[in-house]
Amino acid sequence: MNEQLKQLSEIRTLMERSSRFISLSGLSGVAAGTVALLGAGVAYWYIYRFMPTLSNAEISSGFALLENPVLFLLNLAFGVLILAVSSGIYFTVRNSRKKNLTVWDRTTQRLIINLLIPLVAGGLFALVLVSRGQFLYISGLTLLFYGLALINASNYTFSEIRYLGLLELLTGIMAVWFVGYGLLFWAFGFGVLHIVYGIMMYSKYDKKTQ
C-alpha cells in the first residue's frame, strides 16, 4: 500500500512539473516586496519631503535629474522594476537548481506570455496617462493590471498566485477609490503583499528543498 502511494505521489509530481512552473521561490516575493517598499520610501521622501524644501533658484541651478518630478519617478519606477525582476530571476534559478528542474521550457514560456499580456497593456495605458498629465489613478491602475496578470498566469504555476492577484486587484480598486493615497496603496500592494506572500510560499514549498 505504501509503495502504491509513493508511486502515485511520484506520478503526480511528474505531471505537475510538466504542466506548471514550480521553481518560483518564495524569496523572490520577499526580495521584490522589499525593493518596492524601498522605492516607495524614496518616492515619499522626494514628493513630500524633498520637493517642498527646494527654492526655484536651487531647482534651476543644480538638480538636473531631481528638477523634473515625472522624470525622477519614472526612473525610480524603472529601477525598482529592474531590481525586483533581477532578484526574482536569481532566486528562481537557485531554487530550480536545488530541485533539479529546468528553468526554461514550454511551461515557462506560457507563464511569461500570459503574465506579459496584461502587464504590457497596463504599462502602455499608464504611459498614455502620464503623457497627458493624468497621474491620479496611475498607482491603482498598475495594481489592477498586475493583479490581472497574476490571475492570468496562475494556471501555469502555484495556485496561490491567483489569490495574490485577487488581493492586488482589491488593492488597486481601493487606490482608485481613495484618490490621494495612491503611494500608500502602491507600497502595500507591491511591497507588503509580496513579502507576506513570499514568506508563506517559502515556508510551504522552499523549506522542503533546504
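Keep in mind the model is a prediction, meaning the values are calculated, not measured.

Undergrad: Can you walk me through the nonpolar core in this structure?
TA: The nonpolar side chains of soluble globular proteins are, as a tendency, buried together. Core analysis: the biggest nonpolar cluster contains 23 residues, and Trp186 and Phe190 have the highest contact counts within it. For this core, the secondary structure elements donating two or more residues are helix 2 (26–50), helix 4 (69–99), helix 6 (138–153), helix 7 (160–177) and helix 8 (182–204). A total of seven residues in this core trace back to one element, the largest contributor, which is helix 8. With near-sequence residues (within four places) excluded, Phe190 lies in contact with Ala32, Gly33, Ala36, Thr142, Leu143, Tyr146 and Glu168.

Undergrad: Is there a simple way to think about the packing of helix 7 against helix 8 in this case?
TA: Packing of helix 7 against helix 8 leaves a shortest axis separation of 10 Å and a crossing angle of 165 degrees. In terms of their interaxial angle, helix 7 and helix 8 are classed as roughly antiparallel. Considering the relative orientation of helix 7 and helix 8, their crossing is right-handed. Contacts between helix 7 and helix 8 involve Glu160, Ile161, Leu164, Leu167, Glu168, Thr171, Met174 and Ala175 on the former and, on the latter, Phe185, Phe188, Gly189, Phe190, Leu193, His194, Tyr197, Met201 and Lys204. Here the residues of the contact of helix 7 with helix 8 are counted per class, giving eleven nonpolar, three polar and three charged.

Undergrad: What's the story with the packing of aromatic side chains in this structure? I'm lost.
TA: The description of an aromatic ring pair rests on the distance of the ring centres and on the angle between the ring planes. Across all of its chains, the model carries five aromatic pairs by this definition. When the ring of Tyr146 is compared with that of Phe190, the centres are 5.2 Å apart and the planes differ by 45 degrees; the resulting orientation is tilted. With a gap of 44 residues between them, Tyr146 in helix 6 and Phe190 in helix 8 connect regions that are remote in the sequence. Both residues of the pair, Tyr146 and Phe190, belong to the buried class. With a centroid separation of 6.4 Å and an interplanar angle of 20 degrees, the aromatic rings of Phe178 and Phe185 are classed as stacked. Among the residues examined, Phe178 registers a relative accessible area of 37% and is labelled partly exposed. In textbook terms, an aromatic cluster arises when at least three aromatic residues are bridged by ring pairs, as seen for Tyr146, Trp186 and Phe190.

Undergrad: In this structure, what is going on with helix 8? I would like to understand it.
TA: Residues spaced three or four apart along an α-helix point in a common direction, a consequence of the helix completing one turn every 3.6 residues. The first and last C-alpha atoms of helix 8 sit 32 Å apart over 23 residues, in line with the 33 Å expected at 1.5 Å per residue. Along its length, helix 8 reaches its greatest deviation from straightness, about 30 degrees, at Phe188.

Undergrad: What is the right way to look at helix 4 in this model?
TA: Its 31 residues place the ends of helix 4 45 Å apart at the C-alpha level, agreeing with the 45 Å of an ideal helix rising 1.5 Å per residue. Residues Phe72, Leu76, Val80, Ala84, Ser87, Gly88, Phe91, Thr92, Asn95, Ser96 and Lys99 constitute the buried set of helix 4. Backbone geometry just downstream of helix 4 places Asn100 in the positive-phi region, at approximately 55 degrees.

Undergrad: Is there a simple way to think about the pattern of salt bridges in this case?
TA: When the charged atoms of two side chains lie near each other, side chains of opposite charge can form a pair. Enumeration over the complete set of coordinates arrives at one salt bridge. With its nearest N and O atoms 2.6 Å apart, the salt bridge here joins Glu160 to Lys204. Taken together, the residues Glu160 in helix 7 and Lys204 in helix 8 connect sequence positions 44 residues apart.

What counts and how
- Residues numbered from 1 in each chain as written.
- Predicted model: local features only at pLDDT ≥ 70, side-chain atom pairs only at ≥ 80, totals over all residues.
- Heavy atoms only, no water.
- Core = buried A, V, L, I, M, F, W, Y, C linked by side-chain atoms within 4.5 Å.
- Buried < 20%, exposed > 50% of the residue type's maximum accessible area, 1.4 Å probe, protein only.
- Helix = DSSP H or I, 4+ residues; strand = E, 2+ residues; numbered from the N terminus.
- Contact = heavy atoms within 4.5 Å.
- Axes fitted to C-alpha atoms, helices over the stretch in contact; angles between N-to-C directions.
- Parallel < 35°, antiparallel > 145°, perpendicular 65-115°, else oblique.
- Left-handed = near helix turned anticlockwise from the far one by under 90°.
- Nonpolar A, V, L, I, M, F, W, Y, C, P; charged D, E, K, R; others polar.
- Phe/Tyr/Trp six-rings, centres within 6.5 Å; stacked < 30°, edge-to-face > 60°.
- Expected span 1.5 Å × (residues − 1).
- Bend = angle between axes of the 7 residues up to and from the residue.
- Salt bridge = Lys/Arg side-chain N within 4 Å of Asp/Glu carboxyl O.

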